[in-house]
Amino acid sequence: QVQFVESGGGLVQPGGHLRLSCAASGSTISLASMGWYRQFPGKERELAASINNLGVPTYYANSVKGRFTISRDNARNTVSLQMDGLKPEDTAAYFCNFATAPTNDWGQGTQVTVSA
């Protein structure tokens, strides 16, 4: 029963940057592929980026490719998402979860709002 706590979101201007962090507890995630998901208002969650157990990024959505970088620190049981060149369309609630088989135990998420 792993728990995820996302942090690092906030209000940022277009072109700005944020670094999101996901702290997992209750179970190690070191052997699992992890993903960052985002949920736009009125929409289902969608995968933005994923990373395998060895720390190799495996997926970036076309909309974020070249701007976002996913990473992990297995020793700290954390996953990060560096977001650069933020756009208003990146405004969403961001969540982390397993990439290959996400659980129903979603964290609270962290809100990213990109606006001038």
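Structure: above.
As the structure is a prediction and not an experimental result, all values here were calculated from the model. (Residues numbered from 1 in each chain as written. Predicted model: local features only at pLDDT ≥ 70, side-chain atom pairs only at ≥ 80, totals over all residues. Heavy atoms only, no water.)

(A) Broad picture of the environment of Leu81. If you trace the backbone, Leu81 turns up in strand S8 (residues 78–83). Sequence separation between Leu81 and Phe4 is 77 residues, and the spatial gap between their C-alpha atoms is 14 Å. When sequence neighbours within four positions are dropped, the list of residues in contact with Leu81 reads Leu18, Arg19, Leu20, Trp36, Ala49, Phe68, Thr69, Ile70 and Tyr94. (Helix = DSSP H or I, 4+ residues; strand = E, 2+ residues; numbered from the N terminus. Contact = heavy atoms within 4.5 Å.)

(B) Summary view of the side chain of Thr78. In this structure, Thr78 sits in strand S8. Residue Thr78 is classed as buried on the basis of its relative accessible area, which comes to 16%. (Buried < 20%, exposed > 50% of the residue type's maximum accessible area, 1.4 Å probe, protein only.)

(C) Inspection of unusual backbone geometry at higher detail. Its identity as a non-glycine residue notwithstanding, Asn77 has a phi of 60°, on the positive side. Along the chain, the position of Asn77 falls in the loop between strand S7 (68–73) and S8.

(D) Expanded view of the packing of aromatic side chains. Enumeration over the complete set of coordinates arrives at 3 aromatic pairs. Arranged with centres 5.6 Å apart and planes meeting at 80°, the rings of Phe4 and Phe98 form a pair that is edge-to-face. Here Phe98 lies in strand S9 (residues 92–98) and Phe4 lies in strand S1 (residues 3–7), a separation of 94 residues in the sequence. Judged by relative accessible area, Phe4 falls into the buried class, the value being 5%. Ring centres of Phe95 and Trp106 lie 6.0 Å apart, and the angle between their planes is 80°; this geometry places the pair in the edge-to-face category. With Phe95 in strand S9 and Trp106 in the loop between S9 and strand S10 (110–114), the pair connects residues that are 11 residues apart, well separated along the chain. A network of ring pairs unites the aromatic residues Tyr37, Phe95 and Trp106 as a single cluster. (Phe/Tyr/Trp six-rings, centres within 6.5 Å; stacked < 30°, edge-to-face > 60°.)

(E) Region of interest: the sheet that holds strand S2 (residues 10–12). Spatially, the 6 strands line up as an open sheet ordered S2-S10-S9-S4-S5-S6, and their pairing is mixed. Each edge of the open sheet is held by one strand with a lone partner, namely S2 and strand S6 (57–60). The mean inter-strand angle of the sheet, taken between neighbouring strand axes irrespective of direction, is 25°. The pairing of strand S4 (residues 34–39) with strand S5 (residues 46–51) spans 5 bridges and is classified as antiparallel. (Pairing = 2+ DSSP bridges. Axes fitted to C-alpha atoms, helices over the stretch in contact; angles between N-to-C directions.)

Without other data, these values stay purely geometric and don't point to any function.
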